[in-house]
Structures are given as structure tokens and as C-alpha cells.
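Next come the chains, spelled out residue by residue.
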Amino acid sequence: MYLPPHDPHVDDPMRFKPLFRIHLMERKCATVECMYGHKGPHNGHIQIVKKDEFSTKCNQTDHHRMSGGRQEEFRTWLREEWGRTLEDIFHEHMQELILMKFIYTSQYDNCLTYRRIYLPPSSPDDLIQPGLFKGTYGSHGLEIVMLSFHGKKAKGTKITGDPNIPAGQQTVEIDLAHPLQLPDIENLHDFSELSRIVLEVQEQVRREEQEREQRQEEEEHSQQPASQPASPLGGEEGAEGEETAAGAEGTTQDKAPASQPFVLPMGVISRNEDYPRTCRICFYGTGLIAGHGFTSPERTPGVFVLFDDDRFGFIWLELKSFSLYSRIKVSFQNAQAPSREAFEEMLKNIQSLAT
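Residues numbered from 1 in each chain as written. Predicted model: local features only at pLDDT ≥ 70, side-chain atom pairs only at ≥ 80, totals over all residues. Heavy atoms only, no water.

Novice: Would you explain the overall build of the protein in this entry?
Specialist: Across its full length, the protein holds six helices and 18 strands. For the protein, the residues scored as buried account for 40% of the 355 residues in total. The long-range share in the protein, meaning contacts at least 24 apart out of those at least 6 apart in sequence, stands at 55%. Put simply, the protein shows about 20300 Å² of open surface, and 51% of that area lies on carbon and sulfur atoms. (Helix = DSSP H or I, 4+ residues; strand = E, 2+ residues; numbered from the N terminus. Buried < 20%, exposed > 50% of the residue type's maximum accessible area, 1.4 Å probe, protein only. Contact = heavy atoms within 4.5 Å. Areas by Shrake-Rupley, 256 points an atom, 1.4 Å probe, with all protein chains shown as cover.)

Written out as C-alpha cells, the structure reads:
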């Protein structure tokens, strides 16, 4: 198991915890041992379910129990998972969330199903190298997010989840066609000024989507003359889309300064105050929020802040909260997607599982 570092230290390395091991014997025989718990290896089972999927089962779950009962198990888990004791956590809501996570994860007793995930494919036009990032999520602690690029959009997909937003959901979406010009450093302290800028772009994006939908409806209702050959670009919309993408790319690259001062506005909460004080460029984006159990999910406006090749941030406007993300620098073998189509299919699959 790959565990993020203790909250909120996103730049620290990942932690590793063995869950099972396989002994290959003679005559193509093998034995499986569960490594979960604190009493050493014990009997386990592995089953291949289908391609790119397998399940593990512990046959001696009593090895996972502690003499002090669930209370001792919870305190041990808390030290390992969070690097602190319950007495260190004064916030009542945070205590509730941590307890929910413990109850949810411990009930499986290392009887789990594993499905393959691919690392996102990259192209020379990408803003930064796509990949896996550790991010701060308030009282939920650190979570793993996969950043991938899809034309004029970038997506952050949760690989690990929490009681509000499960793994597989798209936590942030970045609109690369709409870069944001932040106010100067004096006015950047003012949250209302940043909010005004973001909401103006949100309204612009809404109008553009309405116009695009209206054009599509008009094209569907209009009939193309039989003598007119079909455009190889798929009609005017394809040509216009190509021009818009090129224009947006030019705007992003030509007008973006090498770096600009950055500071969080007053009132915006950050788990990690050690964020960079300069950034390269900002974009309009949306973030997914929901109640416990993924109830009433909605996309809300925010600001994507690119700091450097390995770090970015997201300001959740409605929550007045800031998430800081740092790249996971672990070399995963044979994790590249065989094609972009295979990667897109994987994203759909993990999102449908979460839904």
C-alpha cells in the first residue's frame, strides 16, 4: 500500500506498507501470506478475478485484532495514518471524519479487490508533466490525485477518497482556455477582489457554453445542401474550435510571465502555510464538493494556481479553502497506458465504480 505522508506535509515522500506476499514454490505451487496487522505474516488467499483485476482475502483475521480491543486498534491506526494521537486533534469535526475513515477502512480486514490504473499519457503541449500528486483536503488529510490533460481541459481525478468525495470522482477541472490575471499583490489579500474576477470568468464561460449549444441546435435543424461536400474538419465548428485552441495556447504561452507574486487572500484557510509565494500562471476551474456519502454533489468555481513543474494549488472559492498539491516522485514500472483510448476508458470505469 502506498500511503501519503502525514498531513499536511505534501512535499515529504510516500510511505509503504506491505499487505500480502507470495512464496513461489516448486512444481508451480505457491503460498500466500497476509501481512496486515501487527502479529506477523499469516495465511491468506489471492484470486485472479479477470484481466487487470484480482482480490485478496485473509484466512486468519484474528491476527489483525489487538489485546486492547478496538480502542487500541484505533489509536495504533491513528499514529500510523496521521502521525498523532486523538488528544492532538482538538477539532470535533476532524475527529468525526477520522473515526469514520477508520471504521470504513478497518471493516475490510485486508479482503480487497484490486484494479489496474494507468498513469496518464503526456504530450509536448501539456502545461506540466501529468501524473500523481499528493494534495491537502482540509480535515480529510492528504489524498492522492491524478492530473491528466484533455485538450483545452485538465482533470484532477481522486485516486484515494473520503466520506464526502469518493475515489474515482473528478475533484477539480481546469479550463486551460481561460487563464486568470490575478490582482496585484496589494489587492490579492482582498478575497472579494479575487472572487469578483473568478465570477466574471464563470459568467463568461456560461455564456460561451450557451452560444455553443445554440449553434449546435441550429446546425442540427439546418439541412446541408446535397451539392455541398462535407468539410474534412467536420464543418465550421471544427475549424473554429481548432482556431480557438491555438489562440488559447498562444495566449497562455505568450502572455504568461515567468513568475508573479502570490499570496492567499485573507480568510482563505490552508492546512499548509508553506506554499510557494510566486506562481507561473492561474486558470479558472471548478471543484467538486458534496455532503457525507457523496450527497448533493456540485461543481463550484475556483482558481488553479501553477507554482512549478511539481506543485500546483486550487482555491475553493465557496469553501474559502486552499489545497496544495505536490508530485509523487515514485517510479512505477509498467504503469503507462497502452493508448490514450485505454486511459480514457480506465477513467470512465473508476468513476462508474465510485458512482
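Novice: What exactly am I supposed to notice about a negative patch on the surface here?
Specialist: A cluster of acidic residues, Glu209, Glu213, Glu217, Glu218, Glu219 and Glu220, forms a negative patch on the protein surface. Of note, glutamate 219 is situated in helix H4 (residues 191-221). A relative accessible area of 39% means that glutamate 219 is categorised as partly exposed. (Patch = residues over 30% accessible without salt bridge, like charges linked within 9 Å, V, L, I, M, F, W, Y side chains within 5 Å. Salt bridge = Lys/Arg side-chain N within 4 Å of Asp/Glu carboxyl O. Lys, Arg positive; Asp, Glu negative; His and termini not counted. Charge placed at Lys NZ, Arg CZ, Asp CG, Glu CD.)

Novice: Is there a simple way to think about the pairing of strand S8 (residues 131-136) in this case?
Specialist: For a regular strand, side-chain orientation follows a simple rule: the groups alternate between the two sheet faces. With six of its six residues buried, S8 lies for the most part within the structure. Pairing of S8 with strand S9 (residues 142-150) involves six bridges; the strand directions are antiparallel. Within S9, the position partnered with leucine 132 by the bridge is methionine 146. Linking two consecutive strands that pair antiparallel, namely S8 and S9, is a turn of five residues; a positive phi of about 55° is found at glycine 138 within it. In terms of strand pairing, S8 meets strand S18 (residues 321-327) through three bridges, oriented antiparallel. Residue lysine 134 lies in a different strand from S18, and its bridge partner there is serine 326. (Pairing = 2+ DSSP bridges.)

Novice: In this structure, what is going on with the environment of tyrosine 2? I would like to understand it.
Specialist: With respect to the helices, strands and loops of the structure, tyrosine 2 is situated in strand S1 (residues 2-3). For the pair tyrosine 2 and arginine 15, spaced 13 residues apart in the sequence, the C-alpha separation amounts to 5.9 Å. Those residues in contact with tyrosine 2 that lie beyond four places of it in its chain are Met14, Arg15, Phe16, Val330 and Phe332.

Novice: Even after reading the chapter, I still don't get the pairing of strand S16 (residues 295-308), so can you show me in this structure?
Specialist: In the sheet, strand S15 (residues 281-291) pairs with S16 via 10 bridges, with the strands oriented antiparallel. The partner of glycine 291 across the bridge, within S16, is threonine 295. Here S15 folds back onto S16 in antiparallel fashion, the turn holding three residues, of which glycine 293 has a positive phi close to 75°. Connecting S16 to the next strand, strand S17 (residues 311-316), in antiparallel fashion are two residues.

Novice: Teacher, can you tell me more about the packing of helix H1 (residues 69-82) against helix H2 (residues 92-106) here?
Specialist: Here H1 crosses H2 at 105°, and the two axes come no closer than 11 Å. In terms of axis orientation, H1 runs roughly perpendicular to H2. Two secondary-structure elements touch here, H1 through Arg70, Glu73, Phe74, Trp77, Leu78, Glu81 and Trp82 and H2 through Met94, Ile98, Leu99, Lys101, Phe102, Thr105 and Ser106. (Axes fitted to C-alpha atoms, helices over the stretch in contact; angles between N-to-C directions. Parallel < 35°, antiparallel > 145°, perpendicular 65-115°, else oblique.)

Novice: Got a minute to help me understand H1 in this structure?
Specialist: Side chains three or four residues apart in an α-helix point the same way, a direct result of the helix having 3.6 residues per turn. Taking 1.5 Å per residue, 14 residues should reach 20 Å; H1 reaches 20 Å between its end C-alpha atoms and fits that length. Within H1, the full set of buried residues consists of Glu73, Phe74, Thr76, Trp77, Leu78, Glu81 and Trp82. Contacts made by the buried residues of H1 are with S1, strand S2 (15-16) and H2. Residue glycine 83 follows H1 closely and has a positive phi angle near 70°. (Expected span 1.5 Å × (residues − 1).)

Novice: Can you help me understand the nonpolar core in this one?
Specialist: Here is a general trend for soluble globular proteins: nonpolar side chains tend to be buried in one another's company. Ranked by size, the top nonpolar core spans 26 residues in total, and within it Leu180, Phe262, Val303, Ile315 and Phe322 carry the most contacts. Mapped onto this core, the elements with two or more residues apiece are H4, S15, S16 and S18. Apart from the residues lying within four places of it in its own chain, the contact partners of leucine 180 are Ile197, Val198, Val201, Cys282, Phe283, Tyr284 and Val303. Counting residues in hydrophobic clusters, the runner-up holds 19 residues, among them Val145, Leu147, Ile174 and Phe312. (Core = buried A, V, L, I, M, F, W, Y, C linked by side-chain atoms within 4.5 Å.)

Novice: Which parts of the structure should I look at to understand the sheet that holds strand S3 (residues 20-24)?
Specialist: Strand pairing in a sheet is mediated by backbone hydrogen bonds. Such pairs are either parallel or antiparallel. On the basis of which strands lie adjacent, the open sheet formed by five strands has the order S3-S4-S5-S6-S7 and antiparallel pairing. Lying at the two open borders of the sheet, with one neighbouring strand each, are S3 and strand S7 (112-115). On average, adjacent strands in this sheet sit at an angle of 35° to one another, irrespective of strand direction.

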